[in-house]
Amino acid sequence: MRAAIAEAGFALDEDEVPIGAVVVHDGRIIGRGHNQRETLNDPTAHAEMIAITAAAGHLQSWRLEGCTLFVTLEPCAMCAGAIVLARLPRLVFGARDPKAGACVSLYSIPTDERLNHRVVMDQSGLADECGAILQEFFAAQRARGKK
């Protein structure tokens, strides 16, 4: 999770919402990502999507079996769907997202029995730290009259 938090720092440096993600396989990080929606003008440029794409490229397979995704914020519906479609067996997330979280907060896409793949999920022990990074970012944005 520390590597995902570092990725969130890169997003913060780019004035992006500070969310970071890494995909781990056999104890090694094979995919990294941080939010780049503003930078790329791409609504799909979430940290998870970028990390999943990088990991798939590394493995040369869209099936990310044997991998774990670590992300600093509970994934949204788009990212939760990508996690299922990529066949990721495990997700570890930091802070919950009561407004858009699609893993436990609003929906439970990764564990929905109607889908053909289910994901084991854990909330990180660093959830408070992950949440604090986001709270500080949005407080600063509001103070500057943004977002």
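Please refer to the structure placed before this passage.
Residues numbered from 1 in each chain as written. Predicted model: local features only at pLDDT ≥ 70, side-chain atom pairs only at ≥ 80, totals over all residues. Heavy atoms only, no water.

Q: An account of the packing of helix H1 (residues 2–13) against helix H5 (residues 127–143) is needed here, citing residue identities and associated values.
A: Contact pair H1 / H5: the axes reach a minimum separation of 11 Å and the direction vectors enclose 5°. Relative to H5, H1 is oriented roughly parallel. Contact residues: H1 offers Arg-2, Ile-5 and Leu-12, while H5 offers Glu-129, Cys-130, Ile-133 and Phe-137. Counted by class, the contact of H1 with H5 contains 5 nonpolar, no polar and 2 charged residues. (Axes fitted to C-alpha atoms, helices over the stretch in contact; angles between N-to-C directions. Helix = DSSP H or I, 4+ residues; strand = E, 2+ residues; numbered from the N terminus. Parallel < 35°, antiparallel > 145°, perpendicular 65-115°, else oblique. Contact = heavy atoms within 4.5 Å. Nonpolar A, V, L, I, M, F, W, Y, C, P; charged D, E, K, R; others polar.)

Q: Would you mind going over the sheet that holds strand S2 (residues 28–34) in detail, with residue names and values included?
A: Strand order in the open sheet made by the 5 strands is S2-S1-S3-S4-S5, with mixed pairing throughout. If you trace the sheet from one side to the other, it starts and ends with S2 and strand S5 (120–123), each paired once. Shown here is a sheet whose adjacent strand axes are inclined to one another by a mean of 20°, direction ignored. Seen against the sheet, H1 touches strand S1 (20–25), S2 and strand S3 (67–73) and runs at an angle of roughly 145° to S1. (Pairing = 2+ DSSP bridges.)

Q: Can you explain the side chain of Thr-68? Please cite residues and give values.
A: Within the secondary structure, Thr-68 is located in strand S3. Residues within four places of Thr-68 in sequence aside, it is in contact with Val-22, Val-23, Val-24, Leu-88, Arg-90 and Val-92.

Q: Mind laying out H1, listing which residues take part and the relevant values?
A: Taking 1.5 Å per residue, 12 residues should reach 16 Å; H1 reaches 17 Å between its end C-alpha atoms and fits that length. Restricting attention to buried positions, one finds in H1 the residues Ala-4, Ile-5, Glu-7, Ala-8 and Ala-11. Each buried residue of H1 lies within a common arc of 155° when the element is viewed along its axis, so the set occupies one face. In H1, the exposed positions that point more than 90 degrees away from the buried face belong to Arg-2 and Asp-13. (Expected span 1.5 Å × (residues − 1). Buried < 20%, exposed > 50% of the residue type's maximum accessible area, 1.4 Å probe, protein only. Arc of directions from axis to C-beta.)

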